[in-house]
Amino acid sequence: MADLDSVLACLDLNLDRSVGRLSDLLRIPSISTDPAYAAECQRAAEYLAGDLAAIGFQAAVRETPGHPMVVAHHDGPEGAPHVLFYGHYDVQPVDPIEEWTSPPFEPEIHEMSDGSRRIVARGSADDKGQLMTFVEACRAFKAETGGLPCKVTIFLEGEEESGSPSLVPFLEANKAELSADVALVCDTNMWDRQTPAISTGLRGLVGEEVVIKAANRDLHSGYYGGAARNPIHVLTTILGEMHDADGRVTIPGFYDGVGEVPEEVLKSWEDLGLSEAEFLGSVGLKTPAGEKGRTVLEQTWSRPTAEVNGISGGYTGKGFKTVIPAEAFAKVSFRLVFDQDPDKIRAAFRKFVEDRLPDDCTVEFHPHGGSGAIQLPFDSPWLEKTRAALSDEWPKPAVMIGMGGSIPVVGEFKSRLGMESLLVGFGLGDDAIHSPNEKYEMTSFQKGQRSWARILAALGR
Ligand code: BES
Ligand code: MN
């Protein structure tokens with residue numbers, strides 16, 4: 001306990017320095033989905049491996065066919081558990097850039113009128129700030145006690161935001177090295193500013209890009225209009241048919257494997273006391289748009305979705321052009337729950353499109369990752385220790401929540417390495433991850449570091 005107290009004091013004392021280190025990392029534009037930033041991803045990996053080596057980890061940048069991984073090892077006391085910490089150093093693209101109030105890769109500390117402070121930059125919350133909370137906790141343990149309370153492996157990915165193409169081969173090739181007693185994942189949210197959370201479920205994700213082609217070139221819409229097939233019409237008609245009037249997805253077989261949340265879990269969600277009006281109101285909406293007869297928490301945590309994430313075709317520049325385009329594109333994703341099978345969902349969607357394709361059209365599909373939903377056990381001993389440690393740090397006791405987002409690695413840890421994960425993160429709903437002006441609260445950063453120190457101590461005890 002004396003050790004833990006001095007580690008916590010060390011973290012507080014060095015907060016400014018840790019903000020400096022995070023800022024250095026945030027200045028590296030490690031956008032994984034855009035090949036133009038490959039060298040920056042490499043640089044972020046090298047920065048992190050260097051920092052972990054400086055703390056005393058055996059750290060290395062590990063090449064993959066895509067962006068590199070960082071793997072670092074540190075011993076623990078005899079008999080203490082071995083934890084694997086996972087985070088990702090890659091970030092989402094910044095567009096629309098004109099909506100940022102400060103340049104996305106020039107981190108700034110903003111002081112708010114309520115006295116709170118935040119770090120504004122792409123990746124501050126997702127996931128660089130979050131992963132550094134754990135790294136800082138390790139640094140303070142090393143400085144104060146010379147060691148760590150658990151054996152720790154740190155595993156950082158650089159392709160999480162772009163479908164993790166290298167992840168499975170890397171896990172398979174390094175199974176023994178990456179297997180631990182439990183995985184700790186810091187890439188999720190708190191319930192609210194006062195209330196820490198352990199996420200016990202995540203939705204899965206299937207990504208598909210669709211291209212529909214008709215004529216062999218763009219056509220004059222007067223000369224050919226009325227006779228020529230318009231691929232934008234074909235695409236939008238098909239995508240429009242994916243939902244019925246009650247918000248249900250109409251793709252045959254889509255709901256195979258979808259279960260209902262147990263009564264007691266639904267009750268615990270109700271007890272969280274979410275204001276649906278506030279949840280939607282904070283982003284300028286007011287009417288839940290999804291499946292009828294479900295609460296917002298059910299809609300986002302336990303129901304599957306089909307979403308169009310992007311669509312284009314024809315002339316979208318300034319002014320006007322009368323054209324029937326030769327092609328139309330869309331990026332479509334599905335959030336999966338329970339036992340929905342990513343491969344079957346992908347196949348069912350493709351068939352749905354092909355069955356509706358008129359004459360003179362062809363379709364191409366490009367897959368973008370697929371992972372099933374995750375449900376973690378409610379009764380693991382890791383969970384109880386972590387919950388208690390979190391409750392010691394924050395004003396309110398920790399709660400168990402669901403999470404609408406996806407972290408594909410969690411499923412792979414389970415199926416390939418037989419490892420459960422503990423999902424503990426300090427993000428907030430208004431962090432604007434994937435959006436302009438992403439931020440991480442200073443309280444998330446500071447108390448996140450302190451939380452990991454407490455969790456590591458508790459797991460090691
Ligand atoms: N950190 C997010 C997941 C998340 C979202 C946690 C919202 C908490 C709240 C993660 O980095 C992410 O964005 N994942 C992608 C996965 C995809 C690109 C394979 C997602 O959910 O869209
Ligand atoms: Mn993330």
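Nothing here was measured: the structure is a model prediction, and the numbers come from that model. (Residues numbered from 1 in each chain as written. Chains lettered and ligands numbered in written order. Predicted model: local features only at pLDDT ≥ 70, side-chain atom pairs only at ≥ 80, totals over all residues. Heavy atoms only, no water.)

A. Spatial organisation of the site of ligand 1. Around ligand 1 lies a shell of 15 residues, among which E160, D187, R335, S406 and H434 are the nearest. Residue H88 places a side-chain N or O atom 3.1 Å away from an oxygen atom belonging to ligand 1. One of the side-chain N or O atoms of H434 is found 2.8 Å from an oxygen atom in ligand 1. Isolated, ligand 1 exposes 520 Å² of accessible area, and the fraction of that covered by the protein chains is 86%. (Near = heavy atom within 4 Å. Polar contact = N/O pair within 3.5 Å; in protein donor to acceptor, adjacent residues only side chain to side chain. Areas by Shrake-Rupley, 256 points an atom, 1.4 Å probe, with all protein chains shown as cover.)

B. Summary view of the packing of helix α4 (residues 124–145) against helix α14 (residues 442–460). Across the interface, α4 lies against α14 with an axial gap of 8 Å and an inter-helix angle of 55 degrees. Relative to α14, the element α4 lies oblique. For the crossing formed where α4 meets α14, the hand is right-handed. Facing G129, M132, T133, F134, E136, A137, C138 and F141 of α4, the residues of α14 in contact are S444, F445, G448, Q449, W452, A453, L456 and A457. (Axes fitted to C-alpha atoms, helices over the stretch in contact; angles between N-to-C directions. Helix = DSSP H or I, 4+ residues; strand = E, 2+ residues; numbered from the N terminus. Parallel < 35°, antiparallel > 145°, perpendicular 65-115°, else oblique. Left-handed = near helix turned anticlockwise from the far one by under 90°. Contact = heavy atoms within 4.5 Å.)

C. Geometry of the coordination of the manganese ion (ligand 2). Here the manganese ion (ligand 2) is held by H88 (NE2), D126 (OD), D187 (OD) and D187 (OD), and the distances to it run 1.9 to 2.5 Å. Sequence positions of the residues that donate to the manganese ion (ligand 2) give the spacing H-x37-D-x60-D. Taken as a pair, H88 in strand β3 (residues 82–88) and D187 in the loop between β7 (182–185) and β8 (197–199) lie far apart in primary sequence, 99 residues in all. Each of the two residues, H88 as well as D187, counts as buried. (Donors = N, O, S within 2.8 Å, 3.2 Å for Na, K, Ca; no water. Buried < 20%, exposed > 50% of the residue type's maximum accessible area, 1.4 Å probe, protein only.)

D. A look at the pairing of strand β10 (residues 204–213). A large share of β10 lies buried, amounting to 8 of its 10 residues. With 10 bridges joining them, β10 and strand β14 (residues 327–336) adopt antiparallel strand pairing. If you follow I212 over to β14, its bridge partner there is A328. In terms of strand pairing, β10 meets strand β15 (residues 362–371) through 8 bridges, oriented antiparallel. The partner of L205 across the bridge, within β15, is S371. (Pairing = 2+ DSSP bridges.)

E. Fine view of the environment of T133. Residue position: T133 is located in helix α4. The class for T133 is buried, based on a relative accessible area of 0%. Considering only alpha carbons, one finds T133 and D75, 58 residues apart in sequence, at a separation of 19 Å. For T133, the contacting residues outside a window of four places in its chain are C186, F426, Y440, S444, F445, G448, Q449 and W452. Of the polar contacts made by the side chain of T133, one reaches the side chain of W452; its length is 3.1 Å.

F. Main features of the pattern of salt bridges. Counted according to the given criterion, the structure contains 34 salt bridges. Linking R193 and E441 is a salt bridge whose minimum nitrogen-to-oxygen distance equals 3.2 Å. With R193 in the loop between β7 and β8 and E441 in strand β19 (residues 439–441), this residue pair connects regions lying 248 residues apart in the sequence. A salt bridge links E364 to K213; its shortest N-O distance comes to 3.0 Å. Within this pair, whereas E364 is found in strand β15, its partner K213 is found in strand β10, the two being separated by 151 residues in sequence. With a relative accessible area of 32%, E364 lands in the partly exposed category. Here K213 falls in the partly exposed class, since its relative accessible area comes to 26%. Beyond isolated ion pairs, a larger network of salt bridges with shared partners links R118, R193, D430, D431, K439 and E441. (Salt bridge = Lys/Arg side-chain N within 4 Å of Asp/Glu carboxyl O.)

G. Local environment of the sheet that holds strand β17 (residues 399–401). Taken together, the 8 strands give an open sheet; going across it, the order is β1-β2-β6-β3-β7-β18-β8-β17, and neighbouring strands pair in mixed fashion. Looking at which strands have only one partner, the edges of the open sheet turn out to be β1 (58–62) and β17. Taking each pair of neighbouring strands and ignoring which way they run, the sheet shows an average axis angle of 25 degrees. Bridge count between β8 and strand β18 (residues 421–424): 2 bridges; the pairing is antiparallel. Counterpart to S199 in the pairing with β18 is L423.

H. Quick peek at the pairing of strand β6 (residues 151–157). Summarising burial for β6: 6 of the 7 residues are buried, a large majority. Direction of pairing for β3 relative to β6: parallel, over a ladder of 7 bridges. Considered in β6, the bridge of H88 is made with E157.

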